[in-house]
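Summary of structural features
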Amino acid sequence: MTTTTTTSERSLLAEVSAGTDFNAQACMNCGVCTSVCPMGIDMLPRKLFHLVVLGEREEVLRNTEAVYSCLLCRMCEVSCPADVKITANVRALRHYLNHHVLGV
């Protein structure tokens, strides 16, 4: 089965990962990150990163609060069996939101 990547998908992933090591593509969607999160935020990180990979810009924007609710405590990252650099990904999302959405 061949998957095609739309311009929207490529541009969002490219914008978020520009100058960073955004490695969400390795995510297995196992849920370990969510189960150890002290904030109990279901949207972070696996679902939100998946939205970026899929190019779902509007859905990412609707979940801006979740991105800024992350404590960057690394509990999820330490537990991740795929070695996804979750805190770096969250920082990349914050950078994207700050510069491309909030204009700071």
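Scroll up to find the structure.
Residues numbered from 1 in each chain as written. Predicted model: local features only at pLDDT ≥ 70, side-chain atom pairs only at ≥ 80, totals over all residues. Heavy atoms only, no water.

Topic: the packing of aromatic side chains
For the record, the criterion: Here is the rule: rings of Phe, Tyr and Trp (six-membered ring for Trp) pair when centre to centre is within 6.5 Å. Planes less than 30 degrees apart are stacked, more than 60 are edge-to-face, and the remainder are tilted. In this text, helices come from DSSP runs of H or I with a minimum length of four residues, and strands from runs of E with a minimum of two, each type numbered from the N-terminal end. Three labels apply to residues, based on accessible area from a 1.4 Å probe with only protein chains included: buried if under 20% of the type maximum, exposed if over 50%, partly exposed otherwise in between.
Evaluation of the coordinates by the stated rule reveals 1 aromatic pair. Aromatic side chains Phe22 and Phe49 sit 5.7 Å apart centroid to centroid with 75° between the ring planes, which places their arrangement in the edge-to-face category. Of this pair, Phe22 sits in the loop between α1 (7-17) and α2 (32-36) while Phe49 sits in helix α3 (residues 46-54); the two residues are 27 residues apart in sequence, bridging distant segments of the chain. Of the two residues examined, Phe22 and Phe49, each falls in the buried class.

Side note on a nonpolar patch on the surface
Definition in use: Think of a patch as exposed residues, more than 30% relative accessible area, with no salt bridge, where like charges cluster within 9 Å and nonpolar side chains (Val, Leu, Ile, Met, Phe, Trp, Tyr) cluster within 5 Å. In these tables, accessible area is a Shrake-Rupley quantity obtained with a 1.4 Å probe, and a residue counts as shielded only by the protein chains included in the view. The salt bridge criterion pairs a side-chain nitrogen of Lys or Arg with a carboxyl oxygen of Asp or Glu, the two atoms within 4 Å.
On the surface, a nonpolar cluster with roughly 260 Å² of combined accessible area is contributed by Tyr68, Val101 and Leu102. Relative to the elements of secondary structure, Leu102 occurs in the segment after α7 (86-101).

Remarks on α7
Stated precisely, the cut-off is as follows: Working rule for helices: expected span equals 1.5 Å times residues minus one.
Helix length check: α7, at 16 residues, gives a terminal C-alpha distance of 21 Å against a target of 22 Å (1.5 Å per residue), a fit within 8%. Those residues of α7 that fall on the buried side of the exposure criterion are Ile86, Thr87, Asn89, Val90, Ala92, Leu93, Arg94, Tyr96 and Leu97. A positive phi of about 70° marks Gly103, the residue just after α7.

Observations concerning the pattern of salt bridges
Within this structure, the stated rule accounts for 4 salt bridges. A salt bridge links Glu15 to Arg57, with the shortest nitrogen-to-oxygen separation between them at 3.0 Å. With a gap of 42 residues between them, Glu15 in helix α1 and Arg57 in helix α4 (residues 57-62) connect regions that are remote in the sequence. On the basis of relative accessibility, which here comes to 22%, the residue Arg57 falls in the partly exposed class. Among the ionic pairs, Arg62 bridges to Glu59, the shortest N-O distance being 2.8 Å. Of this pair, Arg62 and Glu59 both sit in helix α4, 3 residues apart, which is roughly one turn of that helix.

A few points about the nonpolar core
Keep this limit in mind: Residues grouped as a nonpolar core are buried Ala, Val, Leu, Ile, Met, Phe, Trp, Tyr and Cys residues, joined through side-chain atoms within 4.5 Å.
Within the largest apolar cluster, 25 residues are counted, with the highest numbers of intra-cluster contacts made by Val16, Phe22, Val52, Ile86 and Leu93. Put simply, the parts of the chain that give this core at least two residues each are α1, α3, α5 (64-69) and α7. With 6 residues, α7 is the largest single contributor of residues to this core.

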